[in-house]
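# Coordinates in review
What follows is the residue order along each chain.
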Amino acid sequence: MRGTLTNLFRRTTIQSVDDVSINSNRVSETHDSGDYTSKKEDHTTVIEVGTPEEKKNPLGYSVGPLSVIVLIIQGVVGTGIFTGPGTIVKSMGSIGSTYVLWLSCFFLPMFSVFLYVEFAGYYPKRNGGDVAYLEQAYTKPKFLFPTIYAAVSVVLSFTTSSALAVGQYLLSASGAEVTTWHYRGIAIAALTLSCVHIGLSTKWSLRLQNLLGFVKVVFMVFIVILGFVVLGGGTKVKDPHASFTNMWEGTTTQGNNIANSIINVAFSYGGYIYAFGVVAEYSSSKKGQTESEREKSMIRTFSFYVPVSMIVILILYILMITAYYAGGTPDEIKHSGNGVATILFQNAFQNKSATKFLNVMVALSAYGHLVTAVLSHSRGLRECGRQGVLPFPKFWTSTKPFGTPLGPILVTWIVNFIMIVAPPAGSAFNFIVDMGSYSGYIFTLALICGLLKVRRDRKLRNLGTKGQYLPLPCIIILLLFELMVIILAFVPPKHGLIGSDVTFFYATYPIVTIGLLMLCIAYYFVWRYTLPKLGGYVHREVEYILQNGEIGNTIVKVKLEDVEQWDNEHGTDEYGVAKTVVLKYEDVESQKT
C-alpha cells in the first residue's frame, strides 16, 4: 500500500495539458526537467480551504454586460407576472392593498441582490452562486455544507414548472385539447431542446437568450401600452376604471392571507440568482484585460446593471398589473385564477386570435426562463462535483468536447424528465415541487447567516469593509423574512389540516424536507467520521487537473499506518489537503478504495 500511494502522487510529466492555470491564491508552480509540480503557498489568503479556483475558466468567457441584464430579466420574468396578480387580489381583498404589496415586497429581492453582489466580489472566480458561497461561508465541519447541498441539488432542483408551462400555453394557443400527456410531451421537447443547445454552445445559447429577452421586454411594454389605451377608452372594455373605484374596499385583515401574499409577490421577483451562477464566465467587451481588471469590471457590472434591471422590472410590473386591473372588474380579476392576462386580452380585443397571441408569448417567456435556469443550474452542479463530495468527479468537472458541462446538463435533464413523466398531476407533483422550494428557503437562510460569518472572518483578517453593499438592518430584514417563510409552512390553513395544493396533511412537505436534510447530515457524519474510524483510514483531499485545464478536488482514503509518510511526502496542510496537484486524474481514480 505504501508503495502504491507513493507512485500515485509521484510528479507527473505534462503530456496533454499545454497551458494549465491554477489559482494563485492556492498554488505556485515550479518546473523541473519537464516535470510539473504544484505547491500551495503558505501565506494566509481570503480563501484558505475549499474548492480550488480556476484562474482560467475552462467554460470560457461568454457572459457580457448585456447577457447579465438578459439573465436577470429571463430569470425573474417567467409566467408569474402573467398569471399571479389575480390570486394576489383575491388573497388581499382589494386593489389598493396589492399596490402596497408589489411596491414594498420589491425591497426584499433588492436587498438579496446586493447580498449576492457582495459574495460575487469576494469570490469572483467561482460559478454556481449558492453552492460556492455556502462552501466558503461554512468551512467547518469540512464538507458538511457541500455534502448536503450537493445531495439536495441533485434530487430537488427542478426547472419543471417552466417546461410544463411551455407545453400548456402552446397547446392553448393551438386550440388543441390540453391533456396531461400532450403538454408533458411538449415540456419534454422544450427541456431537451434547452439542454441540447446549452450543451453545444454557451455563447450561442446566450445569444438566443438575448433575442428571447428582447421579445419578452417588447411584449411587456406592449401590455403596458395596451393598459394606457384601455384606460383612455380606446378598447371594448366597458368600464376601465371599475377596479380603481373604492380601491381599498374589502382589504383583508387576516395575517395568514397577508403573509402568503407577501411570499407570492416576493417569489415573483425571484430568479435573479441565476445570473450569479455564471459570475466566473463574465468578460467585458474590452480586449486585453488582465484578470484583476476583469474582476473589477464584473463587480461594476453586477453592482450596477443587476439593481437597475430589477428597478426596470418593478416599473414594468406595476404598469402591467395596472393594465390587468383596467381590463376587468374587481370581481373578474379575483376569480380569474391564473388567467388575469387572459381577462385583459379577452375584454380588450374580444377575439380568439388575441388570446392565442398571448399564450404564444407567455410560452416564449417560460422557455426563456427555462434556458436561464438550466444554464445556471448546470454550473451549480459542476461546482458540487468540483468540491469532490459527489461520486465520479471527472463526470461533473469535465468541459469536453464543447467547453460546456455536459455531465451536469445531462443530470439536469434526467432529473427534470423524471419529474415531468413520473409523478401524477396533482398532489404528488405539487408535493415534490414544494419540497424543492422549501429546501431553497432553508439554504437562503443559511446564506444570509453565512454572509455575516464571512464579514466577521474578514474583519478578523483585517481585510476591511470594502465590497460591503448591504447594511446590517437590511440583512436582518432578509433573515426575518426567510424565518417567516420557513415557519409559515407549519401554520395550518383556515379550512383544516389538508393542504391547499395537496390532498393530505398540509405540513408534510416541510417535515419531509427537514427530514431529508437531517438524513444528509447523518450520512455526512457516518461517511466523514464513523466509517473512517471503523475502516482504519483518514480522508485526504487532492487537487486534479483535467485536459482542458479543469480543476477540482477528489477525496482519497489513506490507511492510518501510511498517514505519516503520506503527509510528509505530499506536504499535507492542516486542512488535510495535499500540496501536490495530480495532472492525471485516472491515476487518482484507479487507486480509490
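Report on the accompanying structure.

Rules of the game
Residues numbered from 1 in each chain as written. Predicted model: local features only at pLDDT ≥ 70, side-chain atom pairs only at ≥ 80, totals over all residues. Heavy atoms only, no water. Phe/Tyr/Trp six-rings, centres within 6.5 Å; stacked < 30°, edge-to-face > 60°. Helix = DSSP H or I, 4+ residues; strand = E, 2+ residues; numbered from the N terminus. Lys NZ or Arg CZ within 6 Å of the ring centre and 35° of its normal. Expected span 1.5 Å × (residues − 1). Buried < 20%, exposed > 50% of the residue type's maximum accessible area, 1.4 Å probe, protein only. Contact = heavy atoms within 4.5 Å. Polar contact = N/O pair within 3.5 Å; in protein donor to acceptor, adjacent residues only side chain to side chain. Core = buried A, V, L, I, M, F, W, Y, C linked by side-chain atoms within 4.5 Å. Salt bridge = Lys/Arg side-chain N within 4 Å of Asp/Glu carboxyl O.

As a further point, take the packing of aromatic side chains. One pass over the full model with this rule turns up 36 aromatic pairs. Centre to centre, the rings of Trp102 and Tyr317 are 5.9 Å apart; their planes meet at 90°, and the pair counts as edge-to-face. Remark: Tyr317 occurs in helix 13 (residues 291–326) and Trp102 occurs in helix 5 (residues 95–104); sequence separation between them is 215 residues. Ring plane angle 80° and centroid distance 5.1 Å describe the contact between Tyr524 and Phe525, whose orientation is recorded as edge-to-face. Joined through ring pairs, the aromatic side chains of Tyr116, Phe119, Tyr122, Tyr123, Tyr133, Tyr272, Phe276, Tyr282 and Phe302 make up one cluster. Taking the ring centre of Trp181 as reference, the NZ or CZ of Arg184 above it sits at 4.8 Å. The positively charged end of Arg207 is found above the aromatic ring belonging to Trp204, 4.4 Å away from the centroid.

This part takes up helix 10 (residues 180–200). In this model helix 10 runs 30 Å from its N-terminal to its C-terminal C-alpha over 21 residues, within 8% of the 30 Å that 1.5 Å per residue would give. Those residues of helix 10 that sit buried are Tyr183, Arg184, Ala187, Ile188, Ala190, Leu191, Ser194, Cys195, His197, Ile198 and Gly199. Close packing links the buried residues of helix 10 with helix 9 (160–174), helix 11 (202–231), helix 16 (352–387) and helix 18 (406–421).

Here Lys125 shows up in the loop between helix 6 (107–122) and helix 7 (130–137). A polar contact is formed between the side chain of Lys125 and the side chain of Glu295, at a distance of 2.5 Å. The contact partners of Lys125, leaving out residues within four places of it in the chain, are Glu53, Glu54, Lys55, Ala280, Glu291, Arg294 and Glu295.

Ranked by internal contacts, the top residues of the largest apolar core, which has 146 residues, are Phe82, Trp102, Tyr133 and Phe302. Residue contributions to this core peak at 16 residues, all from helix 13. Apart from the residues lying within four places of it in its own chain, the contact partners of Phe302 are Val68, Val117, Ala275, Phe276, Val279, Tyr282 and Pro307. One finds Val542, Val556, Val558 and Val563 within the second-largest nonpolar core, a separate group that totals 6 residues.

Okay, the pattern of salt bridges next. Counted according to the given criterion, the structure contains 13 salt bridges. Across the salt bridge formed by Glu118 and Arg455, the nearest N and O atoms sit 2.7 Å from each other. Placement of Glu118 in helix 6 and of Arg455 in helix 19 (residues 427–460) is noted, with a sequence separation of 337 residues between them. Glu118 gets classed as buried once you look at its relative accessible area, which sits at 1%. Notably, a salt bridge pairs Asp567 with Arg540, separated by 2.9 Å at the nearest N-O pair. Of the two residues, Asp567 sits in helix 22 (residues 563–570) while Arg540 sits in strand 4 (residues 537–545), which places them 27 residues apart along the sequence. Judged by its relative accessible area of 18%, Asp567 is buried. One salt-bridge network, in which partners are shared between bridges, spans Glu54, Arg126, Glu135, Arg382, Glu383 and Arg386.

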